[in-house]
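Next come the chains, spelled out residue by residue.
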Amino acid sequence: MIQPLHLPKRRLEQLQTAVAEATMNAMEHGNHYLPEKLVSISVAVSKAVLTVRITDKGGTGLLVNDTEPPDIEAKLAELQSPRGWGLFLIKNMVDDMRITSDATHHTVELILCLEGGDHAGETA
């Protein structure tokens, strides 16, 4: 579904990184690596927007959209957890990131603008 969009190489790599990180988070934090709990990935494309949704079976309602930005100095001084780069990284690889939770699922929605967005028209 994405190949016909002819995304610039950098944008494609950013999307791949964001999807991989969100999927790893879903496997680890949402599904706790339980093989019977699947992570689903769906892709929707319109003329203006590419949306990728990664959904796990977590459903705890504890997933937070606005996390504290990682601070390398604070992490080295052990004032912040050494973890916690995932959502920050994802958010900075796409044009928008939305997180929703309910009793049975977490969904991370990654959005790339194909027309008129910050990265639309970017060349390889």
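All figures in this text were calculated on a predicted structure; none of them were measured in a lab.

Draft legend 1. Layout of the side chain of Asn25. Locating Asn25 in the fold gives a position in helix α1 (residues 9–30). Residue Asn25 is classed as buried on the basis of its relative accessible area of 17%. Residue contacts for Asn25: discarding those within four places in its chain leaves Gly30, Gly86, Leu87 and Ile90.

Draft legend 2. Inspection of the pattern of salt bridges at higher detail. All chains considered together, the criterion is met by five salt bridges. In this structure, Arg11 engages Asp95 in a salt bridge whose closest nitrogen and oxygen atoms are separated by 2.9 Å. On the criterion of sequence distance, the pair formed by Arg11 in helix α1 and Asp95 in the loop between α3 (86–91) and β3 (96–101) is long-range, its members being 84 residues apart. Arg11 sits in the buried class, given a relative accessible area of 2%. Where Arg98 meets Glu109, a salt bridge forms, and the shortest distance between an N and an O atom there is 3.4 Å.

Draft legend 3. Local environment of α1. A rise of 1.5 Å per residue sets the reference length of α1, with its 22 residues, at 32 Å; its end C-alpha atoms lie 30 Å apart and thus fit the reference within 8%. Looking at α1, one finds that the buried residues are Arg11, Gln14, Leu15, Ala18, Val19, Glu21, Ala22, Thr23, Asn25, Ala26 and Gly30. Packing partners of the buried residues in α1 comprise β1 (40–45), β2 (49–56), α3 and β4 (106–113).

Draft legend 4. Structural context of the pairing of β1. Bridge analysis of β1 against β2 gives six bridges, and the strand direction is antiparallel. Considered in β2, the bridge of Ser40 is made with Thr55. The antiparallel pairing of β1 with β2 creates a hairpin that spans three residues between the two strands.

Draft legend 5. Just the sheet that holds β4, in detail. The antiparallel open sheet is built from four strands, whose spatial order is β1-β2-β4-β3. The open sheet is flanked by β1 and β3, the only strands paired with a single partner. The mean angle between the axes of side-by-side strands here comes to 15°, regardless of whether they run parallel or antiparallel. Of the strands in this sheet, β1, β2 and β4 touch α1, which is tilted by about 20° from β2.

Draft legend 6. Region of the structure containing the nonpolar core. Formed by 17 residues in total, the largest nonpolar core has its most connected members in Leu15, Ile90, Met97 and Leu110. Counting residues per element, the ones that place at least two in this core are α1, β2, α3, β3 and β4. By residue number, the principal contributor to this core is α1, which donates five residues. Discounting residues that sit within four places of it in the chain, Leu110 has contacts with Ala18, Val19, Leu50, Thr51, Val52, Ile54, Ile90, Val94, Asp96 and Met97.

What counts as what
- Residues numbered from 1 in each chain as written.
- Predicted model: local features only at pLDDT ≥ 70, side-chain atom pairs only at ≥ 80, totals over all residues.
- Heavy atoms only, no water.
- Helix = DSSP H or I, 4+ residues; strand = E, 2+ residues; numbered from the N terminus.
- Buried < 20%, exposed > 50% of the residue type's maximum accessible area, 1.4 Å probe, protein only.
- Contact = heavy atoms within 4.5 Å.
- Salt bridge = Lys/Arg side-chain N within 4 Å of Asp/Glu carboxyl O.
- Expected span 1.5 Å × (residues − 1).
- Pairing = 2+ DSSP bridges.
- Axes fitted to C-alpha atoms, helices over the stretch in contact; angles between N-to-C directions.
- Core = buried A, V, L, I, M, F, W, Y, C linked by side-chain atoms within 4.5 Å.

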